[in-house]
Every structure is written in C-alpha cells, then in structure tokens.
Amino acid sequence: LDAEVRPTRRASFVVVANRLPVDRVEHPDGTTTWRTSPGGLVTALEPVMHSHHGAWVGWHGAPDEVVEPFENDGLELVPVPLSEAEVADYYEGFSNGTLWPLYHDVVVPPEFRREWWDAYVRVNQRFADRTAAVADEGAVVWVQDYQLQLVPQMLRELRPDLNIGFFLHIPFPPTELYVQLPWRDQILRGLLGADLVGFQLGGGAQNFLRLVRQRLHLETRREYVHDADGRTVMARAYPISIAAASLHELASSDATAARAAEIRADLGEPKVLFLGVDRLDYTKGLLERIQAFGELVAEGRIDPEEAALVQVATPSRERVEQYRNLRDDIDRLVGRINSEVARIGRPPITYLHASYPREEMAALYRAADVMIVTPLRDGMNLVAKEYVACRQADDGALVLSEFAGAARELRQAYLINPHDIDGLKETMVEAMNAPARIKARRMRLLRRQVFEHDIDHWARAFLDDLDRVVQGKVEWPAR
Ligand code: GDG
C-alpha cells in the first residue's frame, strides 16, 4: 500500500481529505466510473480547483484495493489505499473512537489504544507521501480535518517549498480535555507544520495557542506562533458555511414546492411541522430532542393531531459500537413515544433512518415550520444554515443549541441548552406559538447572516490569509 504513486500530472492547488469527493459507480457491463459526491467542500472549492489545475488526495472508500491516480471532471484524483485493518484502526479507531469523542467534550469516553495511534501515524504518512508526489513546486496544499492532523508536519519535512493550510471541521477542545491524549504533543507539532491552522471558532484557536505555549514552550503573540525554526504560523477562526444561493434556488423550484406540499399532506396537514436532520451521532443530541418532544406530547402541550415531528437520522459509522448502541436507544425511545399515544392513526414521530437526495432534503427544509438542532457539541452544524437558506419568506423558526458553532453567528435563533430538557421544551413551545411578526424579525436577520457569509466567503477568507502568511505579509506583531 505504501508503493510509490505516479500522478498523471502535478498540481498547484491540492486538497487532502480523508475521502475523495467521488463515489464509484459499477455498471452492469462490468465497467466502473466515478460520480462526484455533492459535498459542500467540493462545491466550494470547485472554482479554485479548476482555475489552478487542482488535485485531491483521499481514500476512495474500498478497503484493500489500490487504485491508480486518475483524472475526473478536470481534477486530478489521487487515491490513498487503506487496508481493512487500517480502516478499523486509523478511521474507526483513532479518528472516530479516540479523537471524535475527545474533541466533542468527551460526551462518550474516548478510548486510547496504542495500536490505533500507530495506524494513524502510518496512514497520515501515506497521505503525506502521496501529496508530496502530486504537488507542484510551491503549490498550495489544504489539509482537511481531524483524521489528518499529522500531515502538515510530515509534508513540510518532505516538501519545505509547499504552502500548507489546515482546517479543523470539529471543535478543538479545552486544554484540560485535550491533555488527556497520550500523543498530545505529537499532534500539536503535526498541526504546526502548516502555515495557517484554521478552526471553526475563535475559542478553538485560543485553545490551540494556549497548548502550544504550555506544552511546546513556543512563543505566541495574538494569533501567531513562532515555531522552533523561526517560522510564523497563524491560528485563526473561519466559520464554515454552505452554498446558500444555490441551495435557495433548489428550494425555490416548483418541483420542491410540490414535494414540500406532498410531505405535509402525507403527514395529515399538521399545523406545525417540526424537523430534525442529523447524521446518527451521539454528539447531535437526538435523544434529548426526541425526549423533549415526547414529553410535550405526553403532557398534552403538543397535540399529535396538530403537530408532527419528522426526524431524519442518516446512517453513520455503523461499525463503531457507540453508534450501534445509540441507534438502538433511539429506536426504543421513538417506539415508546409513538405507542404511548395509543390511538389509531399517524404516529406523532416519523423517524427515518436513511439518507436522501439533496432535492428531498430541500423539500423537507422548505416544509418545516420549526427546525430543531440540538447538538451537545458541534463544530459548526450546517443543517441550521441550510434550513435558513431554504426559507422562501421571513417565516419558520430555528431552535438551535448554544453548543453548536453556528450559534455564534445565528444569534437570532431560539437558543437552547440541550441538557436542560425543560428549557428545551419551553423554547420549542415558544417557537411553535410565536407570532408571525416575531418570527419574521428573527428570520430576516438569520437569512441575511447566512447569505452574506456563504461557503465562498469562507474559502476565500482562508486562502487569502494563507497567501498573506506565506508571502510574509503577516508581521510578527510587536508586543
Ligand atoms: C462536520 C462537523 C461541521 C444529512 N443527512 C443527509 C444529508 N445530510 C447533510 C446535511 C449537511 C451535512 O450532511 C451534515 O453537516 P453538519 O454540519 O450538520 O454535521 P457533520 O456531518 O457532523 O459535519 C460539523 C461540518 O463538518 C462542516 O465543517 O459543520 O460541525 O461535525 O449538509 O444536509 N444530505 C443528503 N441526504 C441526507 O440524508 N443529501
């Protein structure tokens, strides 16, 4: 798996992420093609990718299989092979069994296993090697997320000529939690290999800078670090967003309008439609939200003849034990609430453990009166922004956890603490019953925020800063 690769060409802009932005399509005649998987990041970077002859380095999704680099839709794709054991140890193990819970406020206990760490180091090195092979002299390389935190340093050792950015999509935890990690210093050094380290929120950047001072004894001033070689590294917040205009356009189509109306009709024309959309993940506060809705129904404060909850829970990380357990817990809770209503007819909760096309998501967002987003901890949460972007007028209400990064920007949402079930219930009722004029005032401001700070704005802010840092335009600030 570590054999040298030969890209079809070199690129001056390279994205490195755990997954390639394509899925394989197998045809009946035995041939295979690749279809671009529509993620926000791919869409956002498309213009930059195409104008810079971009390349993308990432796993292609099939264990134990080596795929040669290939050109697809104008992009050079460089697959990184992973063995079955590496998927278990690097991806499901260290990334999702150690880092994910540790970085999300240890909402479940992280597991620290040395063989997982060893696989993480080995796989990060493989990503760095492949990136070094495809990046042109002086290229910009943008490394994404918690699975690849060692890549910046490994890459700098191989290719000091490169300009390296790193962006963390999940929270960077408080120092008291981070220091539990047996490999805490290695990861800090890994990140410092970048010229710019980006976080969702200022707090994450602050946590990182404090750790760099405390643990590595490096000098920091404001958002800058002087590394051991005298290089300046910048750490700053870039709240990620969505392609707001194009999602709005999809939501505005006649087809979406018709589908939204059909959804409401299928639900028996509820007066109030509550909606939740999440990956099935223990950070998302699914149990708290369903519990709150169930109690409101049981107490008669929500009439199931008049209100309905649709919860989409997209299957995720199904081979990790905590995810399987969570799925069982949700099944049980939803079953209990629906059965306790004890009447013939539609159940109050429509629970969908499935994944849907974008068009269907847009129709759901458009149909919903109250969007409920209740993570216990979330780097940003794009679902909250997507709901806002799909509004056709200043209507609807967003109930949003203060522990989602998005709460920093979406101040006009109905903010809640998901651990406080009573508070959550009160706010759900308030949002459901709020006068149109109040909802309009809030939604107008939310919409402005989301449309003015879209994904292009995010990518531009990051890449402009990276350029300034590497051009030396960023001065080491005076004391
Ligand atoms: C991580 C961070 C941060 C969901 N179900 C379906 C579907 N989705 C789409 C949503 C949304 C995306 O998946 C989920 O994004 P989130 O931001 O809500 O959450 P994570 O997956 O945890 O993402 C997060 C993000 O990275 C970006 O930096 O905001 O904090 O945890 O776009 O619409 N899309 C389709 N069908 C589904 O069934 N098509």
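That block above? That's the structure.
The rules behind each value
Residues numbered from 1 in each chain as written. Predicted model: local features only at pLDDT ≥ 70, side-chain atom pairs only at ≥ 80, totals over all residues. Buried ≥ 20, exposed ≤ 12 C-beta atoms within 10 Å, placed from the backbone. Helix = DSSP H or I, 4+ residues; strand = E, 2+ residues; numbered from the N terminus. Pairing = 2+ DSSP bridges. Core = buried A, V, L, I, M, F, W, Y, C linked by C-beta atoms within 7 Å. Contact = placed C-beta atoms within 7 Å. Near = placed C-beta within 6 Å. Nonpolar A, V, L, I, M, F, W, Y, C, P; charged D, E, K, R; others polar. Axes fitted to C-alpha atoms, helices over the stretch in contact; angles between N-to-C directions.

Caption draft 1: Structural detail: the pairing of strand 15 (residues 349-352). By the alternation rule, side chains of strand 15 split into I349 and Y351, which are all buried, and T350 and L352, of which none is buried. Here strand 14 (residues 307-314) runs beside strand 15; their pairing, made up of 4 bridges, is parallel. Residue pairing across strands places V310 opposite T350, the latter belonging to strand 15.

Caption draft 2: How the structure looks around the nonpolar core. Formed by 146 residues in total, the largest nonpolar core has its most connected members in V14, V141, L398, V399 and L400. With 8 residues, helix 3 (residues 114-134) is the largest single contributor of residues to this core. Excluding residues that lie within four positions of it along the chain, V14 makes contacts with G54, A55, V57, T131, V134, A135, A139 and V141.

Caption draft 3: Main features of helix 6 (residues 184-192). Along helix 6, the residues that are buried comprise L188, G190, L191 and L192. Packing partners of the buried residues in helix 6 comprise helix 4 (151-158), strand 8 (163-167), strand 9 (196-199), helix 7 (202-216), strand 11 (224-226) and strand 12 (232-237).

Caption draft 4: Focus on the site of the ligand. Neighbouring residues of the ligand: 19 residues in total, closest H169, S355, G379, M380 and L382. Those elements that place two or more of their residues in the shell around the ligand are strand 13 (272-279), strand 14, helix 12 (358-367) and helix 13 (382-389). The dominant element in the shell around the ligand, judged by the number of residues it contributes, is helix 13, at 3 residues. Looking at the shell around the ligand, its residues break down into 10 nonpolar, 5 polar and 4 charged.

Caption draft 5: Geometry of the sheet that holds strand 18 (residues 414-416). If you walk across this open sheet you meet the 6 strands as 15-14-13-16-17-18, and the pairing is parallel. Each edge of the open sheet carries a strand with a single partner, namely strand 15 and strand 18. Between one strand axis and the next, the sheet turns by 15° as a mean value, whatever way the strands run. Where helix 13 meets the sheet, its contacts fall on strand 13, strand 16 (370-373) and strand 17 (397-401), and the angle it forms with strand 17 comes to roughly 170°.

Caption draft 6: Region of the structure containing the pairing of strand 8. Across the 5 residues of strand 8, 5 count as buried, placing the element largely inside the fold. Burial along strand 8 is two-sided: the residues N163, G165 and F167 and I164 and F166 are all buried. The sheet contact formed by strand 7 (residues 135-144) and strand 8 spans 5 bridges and is parallel. By the bridge assignment, Q144 is partnered in strand 8 with F167.

Caption draft 7: Focus on the sheet that holds strand 10 (residues 219-221). Judged by pairing direction, the sheet is mixed, and its 10 strands sit side by side in the order 5-6-4-1-7-8-9-12-11-10 without closing on themselves. What marks the edges here is a single partner per strand, and that holds for strand 5 (70-72) and strand 10. Ignoring which end each strand starts from, the neighbouring axes of this sheet average 25° apart. Pairing between strand 1 (residues 11-19) and strand 4 (residues 55-59): 4 bridges, direction parallel. By the bridge assignment for strand 4, V16 is matched with V57. Strands strand 9, strand 10, strand 11 and strand 12 of the sheet are contacted by helix 7, whose axis makes an angle of about 145° with strand 12.

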